[in-house]
Number of protein chains: 8
Amino acid sequence: MIGIIMGSISDLKVMQEAADVCKEFGVSYEIDIVSAHRTPLKMIEYATSARERGVKVIIAGAGGAAHLPGMVASVTTLPVIGVPVKSSNSIDGWDSVLSILQMPSGVPVATVALNGAKNAGILAVQMLGIENQEIATKLQNYKAELIQKVDAMADELHQK
Amino acid sequence: MIGIIMGSISDLKVMQEAADVCKEFGVSYEIDIVSAHRTPLKMIEYATSARERGVKVIIAGAGGAAHLPGMVASVTTLPVIGVPVKSSNSIDGWDSVLSILQMPSGVPVATVALNGAKNAGILAVQMLGIENQEIATKLQNYKAELIQKVDAMADELHQK
Amino acid sequence: MIGIIMGSISDLKVMQEAADVCKEFGVSYEIDIVSAHRTPLKMIEYATSARERGVKVIIAGAGGAAHLPGMVASVTTLPVIGVPVKSSNSIDGWDSVLSILQMPSGVPVATVALNGAKNAGILAVQMLGIENQEIATKLQNYKAELIQKVDAMADELHQK
Amino acid sequence: MIGIIMGSISDLKVMQEAADVCKEFGVSYEIDIVSAHRTPLKMIEYATSARERGVKVIIAGAGGAAHLPGMVASVTTLPVIGVPVKSSNSIDGWDSVLSILQMPSGVPVATVALNGAKNAGILAVQMLGIENQEIATKLQNYKAELIQKVDAMADELHQK
Amino acid sequence: MIGIIMGSISDLKVMQEAADVCKEFGVSYEIDIVSAHRTPLKMIEYATSARERGVKVIIAGAGGAAHLPGMVASVTTLPVIGVPVKSSNSIDGWDSVLSILQMPSGVPVATVALNGAKNAGILAVQMLGIENQEIATKLQNYKAELIQKVDAMADELHQK
Amino acid sequence: MIGIIMGSISDLKVMQEAADVCKEFGVSYEIDIVSAHRTPLKMIEYATSARERGVKVIIAGAGGAAHLPGMVASVTTLPVIGVPVKSSNSIDGWDSVLSILQMPSGVPVATVALNGAKNAGILAVQMLGIENQEIATKLQNYKAELIQKVDAMADELHQK
Amino acid sequence: MIGIIMGSISDLKVMQEAADVCKEFGVSYEIDIVSAHRTPLKMIEYATSARERGVKVIIAGAGGAAHLPGMVASVTTLPVIGVPVKSSNSIDGWDSVLSILQMPSGVPVATVALNGAKNAGILAVQMLGIENQEIATKLQNYKAELIQKVDAMADELHQK
Amino acid sequence: MIGIIMGSISDLKVMQEAADVCKEFGVSYEIDIVSAHRTPLKMIEYATSARERGVKVIIAGAGGAAHLPGMVASVTTLPVIGVPVKSSNSIDGWDSVLSILQMPSGVPVATVALNGAKNAGILAVQMLGIENQEIATKLQNYKAELIQKVDAMADELHQK
């Protein structure tokens, strides 16, 4: 199971894409609102108990001074994927990107692109697919679909 | 009492200035290493119990993805002053500045300049001086000394 | 009493949030337009006389080359909270953030996030609550409300 | 096995830390020089054959216009961790950070901090530990050591 | 013949300007969708065979972590012009600019301004015009037209 | 007379160049330490009385949150030239550049390059030379010397 | 007379404010389109002959790689004021700001804020007012009006 | 012949690499000091006459507000390659990068990486090699050498 969390319901429009990837690959997930700054104890409880609840990868999205992914990583041994969300009043997204990316030695967060929740989902699936051949095959098929989409775009271009 | 904390002993060369200000103004302080990412539970314990231990203002310094000031602020009602420290591997200090400054609505951190631990100390003293006339007088005297220092620099310049 | 000032009436849409926090916490406040560059003498008069007028914390908001918070801090011993306002023609808010944050040693400004007037208000209330148990209790209740809001958002999410 | 690659021998001083983590956790690894721009075909061969060679996670470090992690990710279904290296003539590291982080939808790279090869190693080990209890226990012990190191630093501070 | 490629059909609204310049100068061109990350093998095939297919200059446009121009340059000896495209979720265009510009020694990309596909077209024509007097004359005429356009704008201004 | 002021004696190594230009062009000058944040009243006194003291242009240098040039401009009708000084703890000079440059409508500061005190001096001389033919001639000669220096450098290059 | 030039008619919406200031202060001006990159010879002719045509200050506005102000300054001894214009496809205005501000030693440009044409006009008037008492008085009155406007805004605020 | 110019002899340590590439590929070149701001007329003369003097590509390096490449491009129909040089007092190289890269429509400059004079040389040689088979073969051999260098580095790594 993949755990998807975010600091606010306003992040859902971005983070929904991570859940959609899970559905597409047939991987179970749970989704919740957990705020580092407003519900710090819930956050610690969430992350501490994640492994025993069956969570295998945590995807955490947050904006501004985005502390959720790094703080979750501080209390779990599971891999944590951070999604910088470009919130209102963000300074062009730099704040969330740097707050998530620049973690100190010892506590990594796997950071993806600004608003890159879809890629967070794919990355989580890749982690599950390291030793799971069925998932690996689905990922290979997904790559094949990407090629087909580019081919379709090329056809569209040439018909213009 | 002012509580001064930092994520690593390597931050002490910057953060010592906050302690020096406390000494200069005759304000008691405690100083400790508390890491958001390596000792999250100690951090929460530290911040949760701070008010009842007699701490009146918390000064927290951290570099990189600097989560310590903001996380401390999430579990205390005391004012928290954040000092962005320019650590090695920092991206020119932008990471610590933005990780501390851009806190979400509801959980403020009083951010000072990059490596500005001295100003963090003065700001903490100012907070204590809001209703303490003795401290307020010391702060007024401190301002007078700043003027004298500029006058001395002007004299030095004119003698060249 | 908390003093709230801003450089232009156009900053009011941001700075109103600081006043709203004061009202919410039952803290008296005064609000005024004071411009560092257009009314420098009024600014100095305002800041010099603030303590004797009963002001305990000054919240100053400004955009662009935002000199108001720092200049006010230069002539008062009260704590000054600076709110960087993202004005039109701002370079993405960087100008006001850096003009307020990067104060020299000796004259701190407690800087909050870009457009973070709400947090400026809470920070001011926290300063008043250092030794005021009634305010401290209100702040504790405010934190409890933040948790309830996150819980409500989580419920909303789970019902989707 | 973890595959560690970098674009130039000059990156080794940074990337060695990823290998050291593998040794510390008893995880086998291979290490090689593979350049996206100078040996593009070797890169594609390396990445295409990685899974069948027994590689489970690829760690790729590169500086400047750092295309190695993203291009490797384009031809493998394994998770790829990117390490932005601050090379000479880099524009403060921004070039390598953004070239690795901002991957398009469909092809994620798990990006760590600038020069963060140690964290890349830990993240790779975390991925292997998702379903490997022995590694998970080692990671838990590693976290305990981080706490002990902070405690030791706190002791050092208090003895000053 | 000038080869114009881009990573996605969504880049066409920018890249069309390069094709328009070719038409305006009577230079033949081919246009295609080639994605570094989704169709890496097509990209290598495209670039490797370009010279023998009669392509003389390659113009490659891409956004975000824009690897297409640099990767194409890695497998051809033809000059490659890179157009940074400001895509959605871009961090203000900095990601594509730096991913294309900061190529390592040995593998240059001739980078033009953000969304500067028109200039990419003119630059390609200039390369063809180095030893082709007819094209050189057209370029000279083009410069004369630029002057006339400025003169027309000046007239418009003076009539106001 | 040209008035040259700076916030600290540590700025003198940069600001001396402005004085040197005055000497070179035979223009009288005064030089002083005036700090916006430490001696605000001296600053206002300095700027308010400048015109009647015979000052014709004010050159003000400052680092960090550099308020001196803008505040001086707020209380004089003389042109004010601002020199952003790259001080220690500056965030790469961006803070002083933006604090000086981004003045609001109504109160301009003529900003020169980071550490560009020499150009501040030349700009001040140019202002005096608007209607002073002797100075204008000296400026013309200065331009001729610039050409000679480039010619000398070209000779040096060709002899290598 | 003040000379106002810009690289394109599209800059007029910004640059008109400089002309409006001239009108307001009763200072004559000329306005023209002069492009550094499209009409380089016209630019040199314009700047070289400016002083003898009676121009006393040149205001030059440009966007992107904004070379107009600096190139004009290279061929005149008059003071040149540069207005960075935020054009379409600009990288947030940074390109025009830095292209105008960071002039090398020997050739200053008096740079004003992004889109700050109004301040460019006032700065030009201030230069003319150095030794012209009538203009100096108008500038003093202008400052008085700024105060009145702030007072009016304060009244508006207090009535709410 | 390739024309290599730079604004100052201090740029030679960077720009020498472009000349070295010319020697390595057996392509003739001329090298000179030409300053946009100090010798604008020499610059125009240089660029205007370049094609008839036998120059086929111009490589121009400059730092700070780097106008040389763009201004040269404004008066020649030859392709111009711009090398942003990181000069002292540069703001981390951003000024020269943006001043060269962000040219307006109609006047392209082929920009290479910060201090990337070697790549400027290779790019110029590639332009000459578009229709020159001998040069194209040398470029192909150069690519083979790049591969050998990476292989040698890989051997060195494996022997450690």
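Fair warning: this is a prediction, and the values are worked out from it, not measured in the lab.

1. Details of the overall build of chain A
- In terms of helices and strands, chain A carries six helices and five strands.
- The dimensions of chain A, computed from C-alpha atoms along their principal axes, are 55 × 40 × 30 Å.
- Expressed as a percentage of its 160 residues, the buried residues of chain A come to 69%.
- In chain A, the share of contacts with a sequence separation of at least 24, taken over all contacts with a separation of at least 6, comes to 66%.
- Accessible area for chain A stands at about 4,900 Å²; split by element, carbon and sulfur atoms hold 49% of it.
- Positive and negative charge centroids in chain A, built from 13 and 16 side chains respectively, lie 2 Å apart.

2. Thoughts on the arrangement of the chains
- Here chain A and chain H are not in contact; the least distance found between their C-alpha atoms is 17 Å.
- A gap remains between chain C and chain H, which never touch, and the nearest two C-alpha atoms on either side lie 15 Å apart.

3. Quick look at the domain arrangement of chain A
All names here are of chain A.
- For chain A, the domain assignment lists domain 1 (2-129) and domain 2 (132-160).
- The straight-line distance from the C-alpha centre of domain 1 to that of domain 2 is 27 Å.
- With 10 residues of domain 1 at the contact, the number on the domain 2 side is six residues.
- Across the domain 1-domain 2 interface, the total number found is zero salt bridges.
- In this assembly, domain 1 and domain 2 are joined by two residue pairs in polar contact (both at pLDDT 80 or more).
- Only helix H1 (12-25) and helix H5 (117-128) provide two or more residues apiece to the side of domain 1 that touches domain 2.
- Sorting elements by how many residues they give to the side of domain 1 that touches domain 2 places H5 first, with five residues.
- For the side of domain 1 that touches domain 2, the class distribution of residues is five nonpolar, three polar and two charged.

4. Digging into the interface of chain D and chain A
- Listed per partner, the contact involves 42 residues of chain D and 42 residues of chain A.
- Interface area, chain D with chain A, both sides summed: about 3,500 Å², of which 61% is carbon and sulfur.
- Our count for the contact surface shared by chain D and chain A stands at two salt bridges.
- Residue Lys56 of chain A is joined to Glu131 of chain D by a salt bridge in which the shortest nitrogen-to-oxygen separation is 3.3 Å.

5. Structural notes on the pairing of strand E3 (residues 57-63) of chain E
Residue and element names in this part refer to chain E.
- For E3, the buried fraction is high: six of the seven residues fall into the buried class.
- Across five bridges, the pairing between strand E1 (residues 2-6) and E3 is parallel. Its bridge partner being in E3, Met6 is matched across the sheet by Gly61.
- Between the parallel pair E3 and strand E4 (residues 80-85), the chain is carried across by helix H3 (residues 68-74), and the sense of this crossover is right-handed.

6. Quick word on the side chain of Gln126 of chain H
- Considering the arrangement of structural elements, one finds Gln126 of chain H in helix H5 (residues 117-128).
- In contact with Gln126 of chain H, not counting residues within four places along its chain, are Thr76, Thr77, Leu78, Pro79 and Pro108 of chain E together with Leu139 of chain H.

7. Points about the interface of chain B and chain D
- Residue-level contacts link 15 residues of chain B with 15 residues of chain D.
- Of the roughly 1,400 Å² buried between chain B and chain D on both sides combined, carbon and sulfur atoms contribute 69%.
- On the chain B side of the contact with chain D, Ile9, Arg38 and Ile91 of chain B bury the most area, a combined 38% of that side's loss.
- Here chain B is connected to chain D by zero salt bridges.

8. Observations concerning a positive patch on the surface
- A surface patch of positive charge is lined by Lys86 of chain A, Lys86 of chain C, Lys86 of chain E together with Lys86 of chain G.
- Here Lys86 of chain G shows up in the loop between strand E4 (80-85) and helix H5 (94-101).

9. What about the packing of H5 of chain H against helix H6 (residues 133-159) of chain H?
Residues and elements named next belong to chain H.
- Packing of H5 against H6 leaves a shortest axis separation of 8 Å and a crossing angle of 140 degrees. Between H5 and H6, the angle is such that the two are oblique. By crossing handedness, the relation of H5 to H6 is classed as left-handed. In this structure, H5 uses Lys118, Ile122, Val125, Gln126 and Leu128 to contact H6, whose residues at the interface are Ile135, Leu139 and Tyr142.
- Per-class residue counts for the contact of H5 with H6 are six nonpolar, one polar and one charged.

10. Structural notes on the pattern of salt bridges
All names here are of chain G.
- For the structure shown, the criterion picks out 34 salt bridges over all chains.
- Of the charged contacts in the structure, one is a salt bridge between Lys23 and Asp20, with a shortest N-O distance of 3.8 Å. Note that Lys23 and Asp20 are positioned in helix H1 (residues 12-25) at a spacing of three residues, about one turn of the helix.
- We classify Asp20 as partly exposed; its relative accessible area is 35%.

11. Points about the relation of the copies chain B and chain D
- Take chain B, turn it by 90 degrees, move it 0.0 Å along the axis, and it overlays chain D with an RMSD of 0.0 Å. Seen this way, the second copy is the image of the first under a four-fold rotation axis. Measuring from the rotation axis to each C-alpha of chain B, the shortest distance belongs to Asp92 of chain B, at 5.2 Å.
- With a heterologous cut-off of 20% or less, the 13% of interface residues of chain B that recur at the interface of chain D puts this contact in the heterologous class.

12. What about unusual backbone geometry?
- Located in the positive-phi region is Asn89 of chain F, a residue other than glycine, with phi close to 70 degrees.
- Relative to the elements of secondary structure, Asn89 of chain F occurs in the loop between strand E4 (80-85) and helix H4 (94-101).
- What makes Asn89 of chain F partly exposed here is its relative accessible area of 40%.
- Phi is positive for Asp92 of chain G, which is not a glycine, with a value near 60 degrees.

13. Looking at the environment of Asp95 of chain E
- Tracing the backbone through its elements, the reader meets Asp95 of chain E in helix H4 (residues 94-101).
- The exposure class of Asp95 of chain E is buried, given its relative accessible area of 0%.
- Once the C-alpha coordinates of Asp95 of chain E and Arg53 of chain E are considered, the two residues, 42 residues apart in sequence, prove to be 32 Å apart.
- Not counting the four nearest positions on each side in its chain, Asp95 of chain E is found in contact with Leu98 and Gln102 of chain D together with Gly64, Asn89 and Ser90 of chain E.
- Side chain to side chain, Asp95 of chain E and Gln102 of chain D meet in a polar contact 2.9 Å long.

14. Considering the relation of the copies chain D and chain A
- When chain D is fitted onto chain A, the two copies agree to an RMSD of 0.0 Å after a turn of 180 degrees and an axial shift of 0.0 Å. Here the copies are linked by what is in effect a two-fold axis.
- Mapped onto chain A, 100% of the interface residues of chain D are again interface residues, and the two copies thus contact each other with one and the same surface.

15. Considerations on the environment of Lys56 of chain C
- Secondary-structure assignment places Lys56 of chain C in the loop between helix H2 (40-48) and strand E3 (57-63).
- Discounting chain neighbours no more than four positions away, the residues touching Lys56 of chain C are Ile130 and Glu131 of chain B together with Met1, Leu78, Pro79 and Leu128 of chain C.

Cut-off values and rules
Residues numbered from 1 in each chain as written. Chains lettered and ligands numbered in written order. Predicted model: local features only at pLDDT ≥ 70, side-chain atom pairs only at ≥ 80, totals over all residues. Heavy atoms only, no water. Helix = DSSP H or I, 4+ residues; strand = E, 2+ residues; numbered from the N terminus. Buried < 20%, exposed > 50% of the residue type's maximum accessible area, 1.4 Å probe, protein only. Contact = heavy atoms within 4.5 Å. Areas by Shrake-Rupley, 256 points an atom, 1.4 Å probe, with all protein chains shown as cover. Lys, Arg positive; Asp, Glu negative; His and termini not counted. Charge placed at Lys NZ, Arg CZ, Asp CG, Glu CD. Domains from an automatic or database assignment. Salt bridge = Lys/Arg side-chain N within 4 Å of Asp/Glu carboxyl O. Polar contact = N/O pair within 3.5 Å; in protein donor to acceptor, adjacent residues only side chain to side chain. Nonpolar A, V, L, I, M, F, W, Y, C, P; charged D, E, K, R; others polar. Buried area = accessible area lost by both parts, 1.4 Å probe. Pairing = 2+ DSSP bridges. Right-handed = clockwise from strand over helix to strand, strands pointing away. Patch = residues over 30% accessible without salt bridge, like charges linked within 9 Å, V, L, I, M, F, W, Y side chains within 5 Å. Axes fitted to C-alpha atoms, helices over the stretch in contact; angles between N-to-C directions. Parallel < 35°, antiparallel > 145°, perpendicular 65-115°, else oblique. Left-handed = near helix turned anticlockwise from the far one by under 90°. Least-squares fit on C-alpha atoms with pLDDT ≥ 70 in both.

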